[in-house]
Amino acid sequence: MKIGIIGLGRMGGNIARRLMRGGHEVVAWDRNADAVNELKSDGAIAADSLADMKSKLGTPAIYWVMLPAGAPTEETIKALCAEDCADGDIIIDGGNTFWKDDVRRAKTLAEKGVHYVDVGTSGGVWGLERGYCMMIGGDKETVDLLDPIFDTLAPGVGSVPRTPTRGDACDPRAEKGYIHAGRAGAGHFVKMVHNGIEYGLMQAYAEGFDVLWGRNVDHLPEEERFEFNMAEVAEVWRRGSVISSWLLDLTASALAQDQKLSQFSGKVADSGEGRWTIDAAMEQATPVAVLTTALFARYRSRIDDMYGDKLLSAMRFGFGGHVEIPQ
């Protein structure tokens, strides 16, 4: 298929490359001309504006917007609709947009005959090689039309064992790493909760390693103090432990480089999805004590950081290249 990719940052550029590796044609545009030229050297068709991109796409034109949530995405979609979109065209938002914005956009675009699909995309800077886990919202006909794109981007079944109780009647796409979650907004809603859970998991690791790191303190009896090798603990937990995970893999990698995590300040950023998850839980009166505590711990880290806060920053940098709050 032929698709336009708007936004060639950490994830957008690699999404384009994975699609090209899978045989799709990519028309690429970014405000940064160097990013466009770099992707052109990898085989993409370069566009120098949104209008130029439209002229190089097929019918219907398919746009994948991969920009920061909020104004950058909103303004780009408005610009597309103002001049470049035609009846039947498709706009995909693959960023971390607030799901209620998807509901609003889908309704507005439908009045113009434009289809809107929201794709919660997980995979970070590793997606080019590992593939992207995708949670998709939109009408069934459009999502089905785009299936070759999603199938290429997804990790595939790979070596992950099948869930024993999962019958053949279940949707095979989930085993490949993507689902059609429901109508517009559903994809980003599921991804939002995914990120809320991510906050909780990361906080659990951070607090556990804080306990280990803080065991060798003066106020404890000497025979009850331990000085643990954090890298070795993380490594052994990766091997057959019930708490093994990709987050623990990233933790072990960071600790193997520097147990003190001295490149991190411990002032942990948050990108919005944790807050939105808690807002949604409050709307429907669902208790989310762990997720709320994990978010508040990030706020606290900006006042009084601890070793575990550095570990949180290390994990965020590991899976997504996320940097800390500027000092």
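Note: the structure precedes this text.
Caption draft 1: Spatial organisation of the pairing of strand 5 (residues 90-93). By the alternation rule, side chains of strand 5 split into Ile 90 and Ile 92 and Ile 91 and Asp 93, which are all buried. Here strand 4 (residues 62-65) runs beside strand 5; their pairing, made up of four bridges, is parallel. In the sheet register, Val 65 faces strand 5, and the bridge partner there is Asp 93. Chirality of the crossover, the property in question, places the unit of strand 4, helix 4 (residues 71-84) and strand 5 among those that are right-handed. Crossover strand 5 to strand 6 (residues 115-122) through helix 5 (residues 99-110) is right-handed.

Caption draft 2: Looking closely at the packing of aromatic side chains. Applying the stated criterion across every chain, the model contains 11 aromatic pairs. Ring geometry for Phe 150 and Tyr 178: centres 6.3 Å apart, planes at 45 degrees, overall tilted. Residue Phe 150 is found in helix 8 (residues 147-153), and its partner Tyr 178 is found in strand 8 (residues 178-182); the two are separated by 28 residues along the sequence. Each member of the pair Phe 150 and Tyr 178 is classed as buried. Members of the aromatic cluster, connected to one another through ring pairs, are Phe 98, Trp 99, Phe 189 and Trp 276.

Caption draft 3: Structural context of the packing of helix 10 (residues 186-213) against helix 13 (residues 273-283). Packing of helix 10 against helix 13 leaves a shortest axis separation of 8 Å and a crossing angle of 110 degrees. The angle between the axes of helix 10 and helix 13 places the two elements in the roughly perpendicular class. Seen from helix 10, the contacting residues are Phe 189, Met 192, Val 193, Asn 195, Gly 196 and Tyr 199; seen from helix 13, they are Glu 273, Gly 274, Trp 276, Thr 277 and Ala 280.

Caption draft 4: View of the state of the cysteines. Counted by the stated rule, this structure contains zero disulfides. The thiol of Cys 81 is unpaired, and the distance to the nearest cysteine sulfur, on Cys 85, comes to 4.7 Å.

Caption draft 5: Region of the structure containing the pairing of strand 1 (residues 2-6). Counting buried positions along strand 1 yields four of five residues, so the element is predominantly enclosed. Here strand 1 pairs with strand 2 (residues 25-29) via five bridges, running parallel. Residue pairing across strands places Ile 5 opposite Ala 28, the latter belonging to strand 2. Handedness of the crossover is the feature at issue here: the chain leaves strand 1, passes through helix 1 (residues 12-21), returns alongside strand 2, and the resulting connection is right-handed.

The rules behind the values
- Residues numbered from 1 in each chain as written.
- Predicted model: local features only at pLDDT ≥ 70, side-chain atom pairs only at ≥ 80, totals over all residues.
- Heavy atoms only, no water.
- Buried < 20%, exposed > 50% of the residue type's maximum accessible area, 1.4 Å probe, protein only.
- Helix = DSSP H or I, 4+ residues; strand = E, 2+ residues; numbered from the N terminus.
- Pairing = 2+ DSSP bridges.
- Right-handed = clockwise from strand over helix to strand, strands pointing away.
- Phe/Tyr/Trp six-rings, centres within 6.5 Å; stacked < 30°, edge-to-face > 60°.
- Axes fitted to C-alpha atoms, helices over the stretch in contact; angles between N-to-C directions.
- Parallel < 35°, antiparallel > 145°, perpendicular 65-115°, else oblique.
- Contact = heavy atoms within 4.5 Å.
- Disulfide = S-S within 2.5 Å.

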